[in-house]
Amino acid sequence: GTYTETAARGDNAAFTVRDKNNVTFQGNVDHPENVIIDFGGSSIRGFYSPNNQFTIRGITFQNKKTSSSFGMIAAGGTLSGQALVENCRFINITTTITANDGRMGTLFLPAAAGDYVFRNCEIRDVDCYQWGAVYMNANNTSVTFENCTVSNCTSKISSGGGVFIGVNATGVK
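Structure report, in brief. None of the values given here were measured: they were computed from a predicted structure. (Residues numbered from 1 in each chain as written. Predicted model: local features only at pLDDT ≥ 70, side-chain atom pairs only at ≥ 80, totals over all residues. Heavy atoms only, no water.)

### With respect to the overall build of the protein
Item 1. Secondary structure assignment for the protein yields zero helices and 15 strands.
Item 2. Within the protein, the proportion of its 173 residues that are buried is 49%.
Item 3. Nonlocal contacts in the protein, meaning residues at least 24 apart in sequence, comprise 83% of its contacts between residues at least 6 apart.
Item 4. Only carbon and sulfur atoms are counted for the fraction: they give 44% of the accessible area of the protein, which is about 7,300 Å². (Helix = DSSP H or I, 4+ residues; strand = E, 2+ residues; numbered from the N terminus. Buried < 20%, exposed > 50% of the residue type's maximum accessible area, 1.4 Å probe, protein only. Contact = heavy atoms within 4.5 Å. Areas by Shrake-Rupley, 256 points an atom, 1.4 Å probe, with all protein chains shown as cover.)

### Observations regarding the pairing of strand β9 (residues 89-95)
Item 1. The buried fraction of β9 amounts to six of the seven residues, a majority that puts the element mostly inside the structure.
Item 2. By the bridge criterion, six bridges tie strand β7 (residues 60-66) to β9 in an arrangement that is parallel. Note that in β9 the partner of Phe61 across the bridge is Phe90.
Item 3. Of the strand pairs in this sheet, β9 and strand β11 (residues 122-128) are connected by five bridges, and their pairing is parallel. (Pairing = 2+ DSSP bridges.)

### Considering the packing of aromatic side chains
Item 1. Applying the stated criterion to the full structure yields four aromatic pairs.
Item 2. When the centroid spacing of 5.1 Å and the interplanar angle of 90° are considered together, the rings of Phe25 and Phe47 count as edge-to-face. With Phe25 in strand β3 (residues 23-26) and Phe47 in strand β5 (residues 45-49), this pair connects stretches of sequence that are 22 residues apart.
Item 3. A relative accessible area of 22% places Phe25 in the partly exposed class.
Item 4. Taking the centre distance of 5.2 Å and the plane angle of 20° together, the rings of Phe118 and Phe145 count as stacked. Of the two residues, Phe118 sits in strand β10 (residues 107-119) while Phe145 sits in strand β13 (residues 141-146), which places them 27 residues apart along the sequence.
Item 5. On the basis of relative accessibility, which here comes to 24%, the residue Phe145 falls in the partly exposed class.
Item 6. Among the aromatic side chains, those forming a connected cluster through ring pairs are Phe25, Phe47 and Phe54. (Phe/Tyr/Trp six-rings, centres within 6.5 Å; stacked < 30°, edge-to-face > 60°.)

### Points about the nonpolar core
Item 1. Counting residues in each nonpolar core, the largest one holds 30 residues, and the members touching the most others are Ile56, Phe61, Ile73, Val85, Cys88, Phe90 and Ile123.
Item 2. At the level of elements, β6 (54-57), β8 (73-86), β9, β10 and β11 are the ones that each hand at least two residues to this core.
Item 3. Residue contributions to this core peak at four residues, all from β8.
Item 4. When sequence neighbours within four positions are dropped, the list of residues in contact with Ile123 reads Phe90, Thr106, Leu107, Ala133, Val134, Thr149, Val150, Ser151 and Cys153. (Core = buried A, V, L, I, M, F, W, Y, C linked by side-chain atoms within 4.5 Å.)

Right under this line is the structure:
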């Protein structure tokens, strides 16, 4: 079905994982288009994990707008294990900010440390001010993109568009 998320809970996010590891958000792995979280233009974060292991599978996230750097999936802190995003779709995500901190991004890892895996994901129709659909600029981070598609993603300034990986990120595959 389609679920509308426009109200924020803790950390200005629709979903927050805090103080628990190995939490799984499971949709339909074979047909992520059948499980849709529609933000209806809301500016809240989609999913936030400050430092906990999580898995997100088989979900479509769509129609998110923001005027800040809150990505669809945002992580920070130090992850003591793996964060896995698998068989998901991220569609029609934009930032309306026109200066400074418009690094919205679908997958936003600004200061995270840990092991992040994005597998069989589709990211399309993302429009950011800077740094693009996937933003990573972190120390001690291992990031793997496996069989993912990034298309029709733009950045209003020269950095990014599709994927931005900062110089501090390590272990990128």
